[in-house]
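Residues per chain, in single letters:
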Amino acid sequence: MEALLSGLSMAINPEAILAVIIGCVVGIVIGAIPGLTFTMGIVLLLPLTFALPPIPAMALLLGVYIGGMTGGSVSAILLGIPGTPSAAATVLDGHPMAKKGQAGKALGMAVIASVFGGIISLVVMMLISSQLANLALKFGPAEIFALVVFGFATICGISESSVTRGLIAGTLGLMVMTIGMDPIVGVPRMTFGSTDLLQGVDLVVAMIGMFAIPQVFRAFLHRDEEVGGLDTNVKADLPTWRELRQNFWLMLRCALLGTGIGAVPGTGGPVAAFLAYDHARRFSKHPERFGSGELAGVVGPETANNAVTGGALIPLLSLGIPGDPTTAVMMGGLLIHGLRPGPLLFKENMPQVYGLYITILLANLVTLVVQLYGIRFFVRVLKLPAEYVTTAIVVMCGVGAYTIRNSIFDVYVMAIAGLFGYVLQRLRIPVTPVILALVLGVTIESEYRRALIMTQGSHMVFFESVVAVLFLGLTVMMIGFQAFSAMRKARKARKARMETEAVLSD
Amino acid sequence: MAKRTDVLLGLILVAVAGGWITAAYLTIPEANIPGTPGPQAFPLLLGLALALLGGWLAVSGLLHRTGGEVAAATEQRDPGFLQELKVVGTGFGLLLVYGFGMDKLGFLLITPPVVIVVLRLFFRERSWRKILANAVGLSIGVYLVFDVLLQAHLPKGDWIQLF
């Protein structure tokens with residue numbers, strides 16, 4: 001009870017409430033603008049939080065996360081362009097609704113569904129996280145190593161381009177992680193005598209570079225593209241009670257679906273949204289209406305993608321494993337403010353955990369109010385010229401990178417990370433595993449070596465633990481399955497090509 | 001016809017891995033607890049993993065076959081490649097200059113010129129009123145938020161200390 005009251009006082013005070021409001025507004029704006037991601041927004045705002053206490057700092061970042069996830073529906077509905085990847089499924093029925101003159105209804109229902117999904121996932125997170133953390137407290141170095149390798153390999157393996165490219169990305173990220181001081185014996189590694197590199201590559205600096213700078217380069221290259229056809233005279237209409245009743249069970253099912261998907265590393269908003277859309281269509285009395293402006297086609301994906309926010313925080317808070325780039329950035333934020341995610345967080349910082357729960361609830365409620373009544377303003381933001389937004393991003397990147405450690409060297413690292421991130425994207429090598437390697441790599445190496453130190457170098461420690469064997473086995477199976485699927489797909493494509501060539505040559 | 005990009009990328013990764021392994025072997029001191037992996041172990045393992053993955057990428061690129069005409073078309077250099085190289089290279093250079101300028105001149109002196117270059121050179125903005133308003137407004141705005149409000153202390157510069 002004492003911890004709850006303490007958490008309440010950390011979250012319900014003018015500083016924290018203001019941080020949530022600012023975070024939600026910034027998040028909705030960033031989420032609404034196609035091409036900007038709320039992950040990038042969180043990364044750029046992270047340096048702003050250094051002067052804040054932990055809970056208001058996380059309130060700002062969580063506000064951006066939740067607001068951003070909701071804000072993606074604005075351009076999805078009005079422009080037919082998803083503001084965030086998670087809003088891609090919302091386009092399918094949201095934009096047709098706008099074309100039929102029902103934009104206000106779609107926007108209003110989208111925000112109600114989003115907040116409902118966010119709150120349900122918060123409840124699930126509160127129920128499950130502490131249980132999971134208690135279980136994880138019994139883990140030793142071998143179990144932690146196996147668990148983190150499983151989470152990391154899952155993300156590398158589930159890569160939009162190929163398993164090989166995903167693993168290459170993970171390996172490159174781990175290599176960058178080793179630069180600096182060895183975590184066990186403290187000798188310099190790959191620093192080549194540079195004192196600046198002794199501290200290694202800072203996670204936040206790398207994230208600013210790899211998420212924001214490629215976006216800047218793309219804006220430079222596509223400066224002539226404009227977004228048009230936007231009606232700025234629109235407001236969000238609250239759904240009727242009948243519409244809410246009709247969609248209540250759909251919202252509940254999609255909220256649970258989104259929470260479950262969010263808890264699995266490597267998935268996230270887009271997967272949850274499309275699965276929810278498909279579910280909504282299958283269980284609808286009128287599936288033939290989907291795609292031409294059916295309200296349930298907006299309800300399903302918007303509930304699920306916001307439910308992902310709570311689900312993704314479950315493995316982050318209880319196990320210290322971020323499941324996607326956004327929670328990886330959140331982890332960076334927690335670490336900077338002295339809160340180490342993982343089982344010990346629930347043992348040693350329970351008031352702060354309650355503070356986070358209350359903050360998430362507040363962020364959902366603030367998003368509801370801000371988006372319902374501020375929609376006219378957000379719609380105008382969509383017309384902001386890209387050049388001014390990009391210029392501001394360039395300045396924020398420079399400042400953000402510098403203020404982490406008051407180091408100009410970090411500004412250079414940010415630029416190099418940005419170029420590296422851009423080149424990787426052009427080569428269809430995913431960036432997410434690189435970032436996750438920087439987050440999880442230290443744990444992977446340290447726990448591996450600690451396990452061996454405890455057993456005087458015997459690798460049997462990884463095979464004597466049921467949990468370790470389970471997770472290592474799942475890792476091998478998962479990568480093997482992904483590789484097998486990719487090979488089968490390539491074989492089918494080759495066969496189809498050969499058949500086409502045979503037909504053409506006849 | 002092989003997937004040329006994958007072959008080239010694979011070979012580059014193998015070369016990078018070779019350099020990494022050499023550097024790790026020669027520069028990381030041995031300081032391990034007997035019987036357990038030392039500080040060299042992980043970097044060497046990662047170098048080996050990258051070499052294997054790069055090699056596999058190159059081999060699978062060589063084994064990949066496409067239709068002749070289609071392959072010829074897709075293997076041609078993208079006509080915008082040189083333009084992309086120029087823009088990205090210049091953008092990267094500008095970021096390095098921004099860092100150098102922050103160090104030597106300070107945030108308030110280097111930021112306006114950088115904003116002007118971005119708007120004029122990259123976005124071809126013609127209105128000098130808008131350019132200057134952005135340059136000054138953004139610089140002062142960010143300075144007030146970070147340095148004054150949040151006490152984050154932006155760089156003052158080694159050569160000229162404006163404030």
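Bear in mind the structure is a predicted one, so any value in this text is a computation, not a measurement. (Residues numbered from 1 in each chain as written. Chains lettered and ligands numbered in written order. Predicted model: local features only at pLDDT ≥ 70, side-chain atom pairs only at ≥ 80, totals over all residues. Heavy atoms only, no water.)

A.B. asks: Even after reading the chapter, I still don't get the overall build of chain B, so can you show me in this structure?
C.D. replies: Counting its secondary structure elements, chain B contains six helices and zero strands. Secondary structure of chain B in N-to-C order comes out as α-α-α-α-α-α. When the 163 residues of chain B are sorted by exposure, 41% land in the buried category. Put simply, of all contacts in chain B between residues at least 6 apart along the chain, 60% involve residues at least 24 apart. About 9100 Å² of surface is accessible on chain B, with carbon and sulfur atoms providing 70% of the total. (Helix = DSSP H or I, 4+ residues; strand = E, 2+ residues; numbered from the N terminus. Buried < 20%, exposed > 50% of the residue type's maximum accessible area, 1.4 Å probe, protein only. Contact = heavy atoms within 4.5 Å. Areas by Shrake-Rupley, 256 points an atom, 1.4 Å probe, with all protein chains shown as cover.)

A.B. asks: Teacher, can you tell me more about a nonpolar patch on the surface here?
C.D. replies: Residue and element names in this part refer to chain A. There is a patch of nonpolar side chains on the surface, built from M1, L4, L5, L8, I12, I17 and I21 and spanning about 630 Å² of accessible area. For the nonpolar patch, the secondary-structure elements that each account for two or more residues are α1 (2-11) and α2 (14-32). Take the nonpolar patch: its biggest share by element is three residues, from α1. Tracing the chain through its elements places L8 in helix α1. (Patch = residues over 30% accessible without salt bridge, like charges linked within 9 Å, V, L, I, M, F, W, Y side chains within 5 Å. Salt bridge = Lys/Arg side-chain N within 4 Å of Asp/Glu carboxyl O.)

A.B. asks: What exactly am I supposed to notice about the interface of chain B and chain A here?
C.D. replies: Often, the extent of an interface is quoted as the loss of accessible area on bringing the components together. Contact with chain B, which involves 65 residues of that partner, is made by 61 residues of chain A. A combined buried area of about 5700 Å² lies between chain B and chain A, and 79% of that area is made up of carbon and sulfur atoms. Among the residues of chain B in contact with chain A, F42, L95 and F123 of chain B are the three that bury the most area, contributing 12% of the side total. For the pair chain B and chain A, the number of links is two salt bridges. Put simply, R165 of chain A and D6 of chain B hold a salt bridge, and the shortest N to O gap is 2.9 Å. Counting across the chain B and chain A interface gives seven residue pairs in polar contact (both at pLDDT 80 or more). For the side of chain B that touches chain A, the elements supplying multiple residues, two or more each, are α1 (4-27), α2 (41-63), α4 (81-104), α5 (107-122) and α6 (128-149) of chain B. In terms of residues, the side of chain B that touches chain A owes the most to one element, α4 of chain B, which gives 13 residues. When its residues are assigned to classes, the side of chain B that touches chain A shows 42 nonpolar, 14 polar and nine charged. (Buried area = accessible area lost by both parts, 1.4 Å probe. Polar contact = N/O pair within 3.5 Å; in protein donor to acceptor, adjacent residues only side chain to side chain. Nonpolar A, V, L, I, M, F, W, Y, C, P; charged D, E, K, R; others polar.)

A.B. asks: What is the right way to read the packing of aromatic side chains from this model?
C.D. replies: Both the distance between ring centres and the angle between the ring planes are used here to describe each pair of aromatic rings. Residue and element names in this part refer to chain A. Per the stated rule, a full pass over the model turns up 13 aromatic pairs over all chains. Taken together, a centroid distance of 5.4 Å and an interplanar angle of 40 degrees make the contact between F145 and Y448 tilted. With a gap of 303 residues between them, F145 in helix α7 (residues 141-157) and Y448 in helix α18 (residues 432-454) connect regions that are remote in the sequence. Y448 gets classed as buried once you look at its relative accessible area, which sits at 18%. (Phe/Tyr/Trp six-rings, centres within 6.5 Å; stacked < 30°, edge-to-face > 60°.)

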